[in-house]
Every structure is written in C-alpha cells, then in structure tokens.
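# Residue-level structure breakdown
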Amino acid sequence: MWRIFSLIIILTNYYSVANAQNDWYEKYLSCVNDSDVHTWKTMIEQWEQAEPESPDVYAAWYNYYIKLAMTDVVALTTTAPEDNQEALQLIDSTGVVAGYMYGIESYNDSILQIGYQKLDTAIRLFPDRLDLPFGKVAMLFRQQLYAEVMQELRHVLDRSEKNGNRWLWTLNQSLDDGEYVLKDSMQDYFAQLFDAGQSDYASQLVEWMLRLYPTDIIFRSDKASLLAIAKRYSEALPIYLSIYEDNPDDIIVASNIAHIYYTLGDKEATLKYYSKLVQCGDSEIEDIAKQRIKEIKQKTD
C-alpha cells in the first residue's frame, strides 16, 4: 500500500503540501527520493538542529528507522505466495511445479522499536497531528499486529472527541474536513481488518464509530454486512431496513434486504424488494432480481 520507508511522507492524500514554504521539508523529500540512508540520516540531523521541536523531524526519524530495519528475505516454499505476489516457480524434472521462490519483508525488531519510540513521542507531544498515528497504523498493519492497530485507532478516536476533529497534517497544515478524513480512514481500516480475516476487530471498530456517529449510513451498513455474513439475519435485517428508509435509492442495501428475505423464505417480501431492482441500472443486480422473481413465481404457480 505504501513504501515502508515513507509511511508518513506519502500519507498526503487528504491535504496537498506542494506549496508549503518549508525548505527543510523539501530538502528531506529530495533526500529520501535520491539518497542512501547515510545521507538521509545526516540530513535529518541537520534539520533537527534547525527545528528541534518540529513534529516532522520526529516523522522523518521514524521513516529512517523503518527503512533501516527493513530487509528483503528470499523464501523457498511449496505453496504459492498470497495476495498475487510475484514468485518464481521451481519446476522438477517431470515438469511439475515443486516450489516457489519469492521475496518477503523482514524487520530488525530492535531498530523498529527505536522508530516506534520516536513516533510515540511525537504523538504524545503533538496529539492533533493525525498523520503521525496513521503512519504507525500503516506499519502495524504490515506486521499484522492487529491488537496494536486497534489500540492506536482507539487513541485516535478518543482524541477526536476532545479536539472536535480539528486535525493537523504534514507541516502542521489544518485539514479542511477533519471529520471526513477520520471517517474515510476508519472505513479503510475496517476493510483492511475484514480482508485480513479479523472480523472481530472489524466489528469492534464499527461499534466504536457508531457510538460517535450513530446515524452514519456507511458504518451501519458495515455492521449489517458483518451480521449477514455471520448468518445473523434477524439482527442484520432491521439495520438494512432502517438504512433503506433513510436512503431508498441505495440499490446495494435493497439487494441485501431482498437476499435476506429470500434466504429466510419470505416470498412476498422477496418479490417486493427484488421488484425494485429489475431496472436499477446495475446489470448484475438486475439479472439476479429477474432470476429470483422468476424462480419464486414458478414455485407459486
């Protein structure tokens, strides 16, 4: 998702700092892109002497130690790598795939902890700099340390209640819409947790968000989806119905409602909601709706 040694630098999706008047930051970006870690270290030391209280200096040290801690290790296994990672197939004398060779990331934990200590200090000193905890969360996801991810996200949400989502970003620039950035980021983290098979943590994050934003349609949908996936249809259905009442044009929600009624064997309700989808504009959903309607009518004839 991000290059490890620039976790914070390129987390600028929500706020452009291209026009920021900060010579040291510009020098740092150039150094990271074009120099080895030794030159990088020297540059950060000079920056620190000039601006010892800058949160961006702490972020730069964090990136430096992450880069220093990271090494690539060659793996030889009999199973293909996950996530569609490229791998060299090893073929035996009969032409059968006997194994795979590919690179994996490895980290020197003692060096990594120095980086985390730098960033934790920055987070404590500058609690409204949202890019700092998000930089840490990105790395924790890479290490698959999901309990630690949740701990950091909990701290961010606690802070959001105190600062009213008046967040700062790189170079202490104020975010124009801190609430949107927070919600959008938490939704992304929810998806990452779910994709990683951490449904319990994903569910916990949704509950945290719904406590803060009980009417938010996206997080209500997340909760309903988790319940439906777990086949807890009687709990998922009322949530979907309430979302549909608030947003009757949401064809995904209508489709989920129709599917649950279909699964529960409620033919009348199934027909009601699938009938709303036969001309919804999504060909895949339309095909499913027509097929289910036809199936039910054939059974009742």
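Residues numbered from 1 in each chain as written. Predicted model: local features only at pLDDT ≥ 70, side-chain atom pairs only at ≥ 80, totals over all residues. Heavy atoms only, no water.

## Description of the packing of helix α7 (residues 178–195) against helix α9 (residues 217–229)
Put simply, the rule is: With axes taken as lines fitted to C-alpha atoms, and helix axes fitted only over the stretch in contact, angles between N-to-C directions fall between 0 and 180 degrees. Only runs of H or I of at least four residues qualify as helices and only runs of E of at least two qualify as strands under DSSP, and these elements are numbered from the N terminus. Angles are sorted into four bins: roughly parallel if under 35 degrees, roughly antiparallel if over 145, roughly perpendicular if 65 to 115, and oblique for all others. For any helix crossing, the convention is left-handed if the near helix is rotated counterclockwise from the far helix by under a right angle, and right-handed if that rotation is clockwise. By the convention used here, residues are in contact when the closest approach between their heavy atoms is within 4.5 Å.
For the pair α7 and α9, the least separation of the axes is 11 Å and the interaxial angle reads 15°. Viewed along their axes, α7 and α9 adopt a mutual orientation that is roughly parallel. Considering the relative orientation of α7 and α9, their crossing is left-handed. Seen from α7, the contacting residues are Lys183, Met186, Gln187, Phe190 and Phe194; seen from α9, they are Ile218, Phe219, Asp222, Leu226 and Ile229.

## Overview of the pattern of salt bridges
Selection criterion: We define a salt bridge as a contact between a side-chain nitrogen of Lys or Arg and a carboxyl oxygen of Asp or Glu at a distance within 4 Å.
Under the counting rule described, the total for this entry stands at 14 salt bridges. The residue Lys183 makes a salt bridge to Glu179 at a minimum N-O spacing of 3.1 Å. Of this pair, Lys183 and Glu179 both sit in helix α7, 4 residues apart, which is roughly one turn of the helix. Glu295 is the partner of Lys299 in a salt bridge, and the nearest nitrogen-oxygen pair spans 3.3 Å. Of this pair, Lys299 and Glu295 both sit in helix α13 (residues 283–300), separated by 4 residues, roughly a single helical turn. Taken together, the shared-partner salt bridges connect Asp56, Arg129 and Asp131 into one network.

## Here we look at the packing of aromatic side chains
What characterises a pair of aromatic rings is the spacing of the ring centres plus the angle enclosed by the ring planes. What counts is decided by this rule: A pair of aromatic rings is counted whenever rings of Phe, Tyr or Trp (Trp by its six-membered ring) have centres within 6.5 Å, and the orientation is called stacked for planes under 30 degrees apart, edge-to-face for over 60 and tilted otherwise. Partly exposed describes any residue whose relative accessible area lies between the buried limit of under 20% and the exposed limit of over 50%, with all areas from a 1.4 Å probe on protein chains only and scaled to the type maximum. Two thresholds decide whether a charge sits over a ring: the Lys NZ or Arg CZ must be within 6 Å of the ring centre and within 35 degrees of the ring normal.
In total, this model carries 14 aromatic pairs according to the counting rule given. Considering the side-chain rings of Trp40 and Tyr64, the 6.2 Å spacing of their centres and the 85° angle between planes classify their relative orientation as edge-to-face. Here Tyr64 lies in helix α3 (residues 55–69) and Trp40 lies in helix α2 (residues 37–50), a separation of 24 residues in the sequence. The exposure class of Tyr64 is buried, given its relative accessible area of 6%. Here a set of aromatic residues connected by ring pairs shows up, and it is made of Tyr28, Trp40, Trp47, Trp61, Tyr64 and Tyr65. Sitting over the ring of Trp208, Arg154 keeps its end group 4.8 Å from the ring centre. Just above the ring of Tyr273 sits the side chain of Lys276; from NZ or CZ to the centre is 5.9 Å.

## Quick word on the environment of Tyr274
Tracing the backbone through its elements, the reader meets Tyr274 in helix α12 (residues 267–275). It is 9.5 Å that separates the C-alpha atoms of Tyr274 and Gln291, two residues lying 17 residues apart in sequence. Apart from residues no more than four positions distant in its own chain, Tyr274 is found in contact with Ala258, His259, Tyr262, Ile288, Ala289, Arg292 and Ile293.

## Observations regarding the environment of Ile285
Tracing the sequence through the fold places Ile285 in helix α13. Once you skip the residues sitting within four places of it in the chain, Ile285 turns out to touch Ile251, Ile252, Ser255, Leu277 and Cys280.

## Quick word on the environment of Val149
Position of Val149 among the secondary structure elements: in helix α6 (residues 146–163). For Val149, a relative accessible area of 0% corresponds to the buried category. On a C-alpha basis, the gap between Val149 and Met139 in space is 9.1 Å, while along the polypeptide they are 10 residues apart. Apart from residues no more than four positions distant in its own chain, Val149 is found in contact with Val137, Leu140 and Phe141.

## Quick look at the nonpolar core
This is how the line gets drawn: As used here, the term nonpolar core means buried Ala, Val, Leu, Ile, Met, Phe, Trp, Tyr and Cys residues forming a set that is joined through side-chain atoms within 4.5 Å.
Membership of the largest hydrophobic core comes to 59 residues, with the highest contact counts inside it found for Met186 and Leu205. Counting residues per element, this core draws most heavily on α3, at 10 residues. Tyr240, Ile257, Ile260 and Tyr261 belong to the second-largest nonpolar core, a separate cluster that totals 23 residues.

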